[in-house]
Amino acid sequence: MIHFNKDTFDNTLAEGKLMMVDFWAEWCGPCQMLGPVIESLAEKYEGKAVIGKVNTDEEGPLAMRYTVMNIPTVIFFKDGKEIDRKVGVMPPDVYIQVLEQNL
Amino acid sequence: MSWDIIILGSGPAGLAAAVAARCRDKNVLVIGNRWQDSPLAKAELVDNYPGLPGLTGPELLEKFVTHASTLGAEFVVGKALSLLVWNGFSVTVGSQVYQGRALVLAPGVVRAAKYPGESEYLGRGVSYCATCDGMLYRNKPVTVVGLAPDAPLEANYLKSLGCQVVYVSPHRPQGLDGGIPYVQAGRLAIHGEQAVTSLEADGTSIPCAGVFILRRAVAPTDLLPALETEGGVIKVDRSMSTNLPGVFAAGDCTGGALQVSKAVGEGHVAGLSACEYLDAL
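Residues numbered from 1 in each chain as written. Chains lettered and ligands numbered in written order. Predicted model: local features only at pLDDT ≥ 70, side-chain atom pairs only at ≥ 80, totals over all residues. Heavy atoms only, no water.

Draft legend 1. A look at the sheet that holds strand β7 (residues 126-127) of chain B. All names here are of chain B. Spatially, the five strands line up as an open sheet ordered β7-β14-β8-β9-β10, and their pairing is parallel. Taken across any chain shown, the strands that pair with only one partner, and hence form the sheet edges, are β7 and β10 (182-184). Note: strand β9 (residues 164-169) against β10, three bridges, orientation parallel. Within β10, the position partnered with Ser-169 by the bridge is Gln-184. (Pairing = 2+ DSSP bridges. Helix = DSSP H or I, 4+ residues; strand = E, 2+ residues; numbered from the N terminus.)

This is the structure:
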C-alpha cells in the first residue's frame, strides 16, 4: 500500500489506472478502524488497482483539491478523474463493489 | 483492545445483557452515555419492576450499573460513532477503537430521522464527529447542532481549533464556552450549493461552511446499514438475534412495551445468546 504525497499522487493519477485513495488522519478513530481494511484490499488488488492513503495532516492541499471535508473519505479515480467517493466508514463490500465494477 | 462481547447502550437492556454474559464468564464492554443521561434517570417512580417497588429511575439504574460493574463488566462512556464488521466487530468512540467478537445493540429509542439537507450534504459540510473533521474546518464558520449532553464539549473543542462556532439546540446547553453564541431552535434545515452554505434554524439563516450534528446516539441502522428492521424497530427473533450473524438486540430498540422489565428480560436473553454464539464459533 502506498502512502501518497503530492508528487507520487499526481504521477500515479497521470498514469490513468484505477485508484482507490483513503484520505485519513491519525487522530481520527474511524480512520484507524478502516486502516486494516484498506491495507487488506491493497494486497488483494495488487497489480489490478493502485490502493493507497493520503494523510490529510501532511498533505492538506491534496485534501483541499478534492474538497475532502470528512475523514475517512475514500475516493476512486480512473483515467485521471474522480469516478466515485465514499464518505465515512462503509462495509468493506462497498469498496470492493466499486473496484470490481471498474477493473 | 478486544472483548468477547461489546454492548452498545448502558440502560437496563444493555446492563442486563452484561450481567448475563459475565455470569457465563465472557468479558464484556458496555459503551454508552452516562447513566445519569438515560431517559430512565428522569423517571420519578418506577413501580412495576417486580421485587423492587417504589424506586426512582435513578435509584433503579444505579443498582443495575453497580451490579454489572461488580460482576466485572467494563464501561466506556461515549457514543459509538462508527462500526465495522471485519474479523469481528470494531467500534469507534472518539479516537479510540474497541473490538469484540459479538455485539449486543441496546441503545434505547434512537430516531433515525434526519434534517432536510443532512444526507444530501454529508461529506460536503455535514459532519458527525468534531474530533475527526474539526481540523478540516479550521478558521471557518461552523454550527454545532447540540442534541447530546457532551455536545458543548465538542463545540468548545472546535472553538479551540480556531473554528467560528455557533451552537444551536432546542434547550440551553450546560458547559458551553462563554465565547460561543447560542441560538435556541428546534426546526432545522441544511442549505447549500456545491457545499453547505447555511443552517436554517427556526426560519433564521446562519451562514456556515460546516454543520456538526451531534446526537445522543447514532441509529443502529446507520451503524449497520444491512440491519433488518420492521415497523421502525430492529427485527429480532425469540433469541434476540438480528438478521446479522453475531449481532443481537434488546430493549426499546426492538419495540414496545417501553418498560424496564421488558428491557431487562430481552437484555438477559440477548446476553445469553451472544455467549452461545461465541461458544459455537
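Draft legend 2. Focus on the pairing of strand β2 (residues 19-24) of chain A. Burial runs high along β2(A): six of the six residues are buried. Burial along β2(A) is two-sided: the face carrying A:Met19, A:Val21 and A:Phe23 and the face carrying A:Met20, A:Asp22 and A:Trp24 are both buried. (Buried < 20%, exposed > 50% of the residue type's maximum accessible area, 1.4 Å probe, protein only.)

Draft legend 3. Up close: the packing of aromatic side chains. Evaluated as defined, the whole model comprises ten aromatic pairs over all chains. Each ring, one from A:Tyr66 and one from A:Phe77, has its centre 5.1 Å from the other, and the planes form 70°; the classification is edge-to-face. Remark: A:Phe77 occurs in strand β4 (residues 73-78) and A:Tyr66 occurs in the loop between α3 (60-65) and β4; sequence separation between them is eleven residues. Aromatic side chains B:Tyr167 and B:Tyr182 sit 6.4 Å apart centroid to centroid with 45° between the ring planes, which places their arrangement in the tilted category. Here B:Tyr167 is found in strand β9, whereas its partner B:Tyr182 is found in strand β10, with 15 residues between them in sequence. In this structure, B:Tyr167 and B:Tyr182 share a single accessibility class: buried. For A:Lys53, the ring lying beneath its charged end belongs to A:Trp24, and the centroid distance is 4.4 Å. (Phe/Tyr/Trp six-rings, centres within 6.5 Å; stacked < 30°, edge-to-face > 60°. Lys NZ or Arg CZ within 6 Å of the ring centre and 35° of its normal.)

Draft legend 4. Layout of the sheet that holds strand β1 (residues 2-3) of chain A. Residues and elements named next belong to chain A. Read across the open sheet, the five strands follow the order β1-β3-β2-β4-β5; overall the sheet is mixed. Sheet topology places β1 and β5 (81-87) at the edges, where each strand pairs with a single neighbour. Against the sheet, helix α1 (residues 6-15) contacts β1, β2, β3 (50-55) and β4, and its axis sits at roughly 155° relative to β2. (Contact = heavy atoms within 4.5 Å. Axes fitted to C-alpha atoms, helices over the stretch in contact; angles between N-to-C directions.)

Draft legend 5. Layout of the state of the cysteines. All names here are of chain B. Taken as a whole and assessed by the stated rule, the structure comprises two disulfides over all chains. With its sulfur 2.3 Å from that of its partner, Cys-129 forms a disulfide with Cys-132. Its S-S torsion of approximately 75° makes the covalent link between Cys-129 and Cys-132 right-handed. The two residues Cys-129 and Cys-132 agree in class, both being buried. Cysteine Cys-163 shares no disulfide, and the gap to the nearest cysteine sulfur, in Cys-208, comes to 11 Å. The closest cysteine sulfur to the non-disulfide-bonded Cys-275 is located on Cys-23, 9.2 Å from its own sulfur. (Disulfide = S-S within 2.5 Å.)

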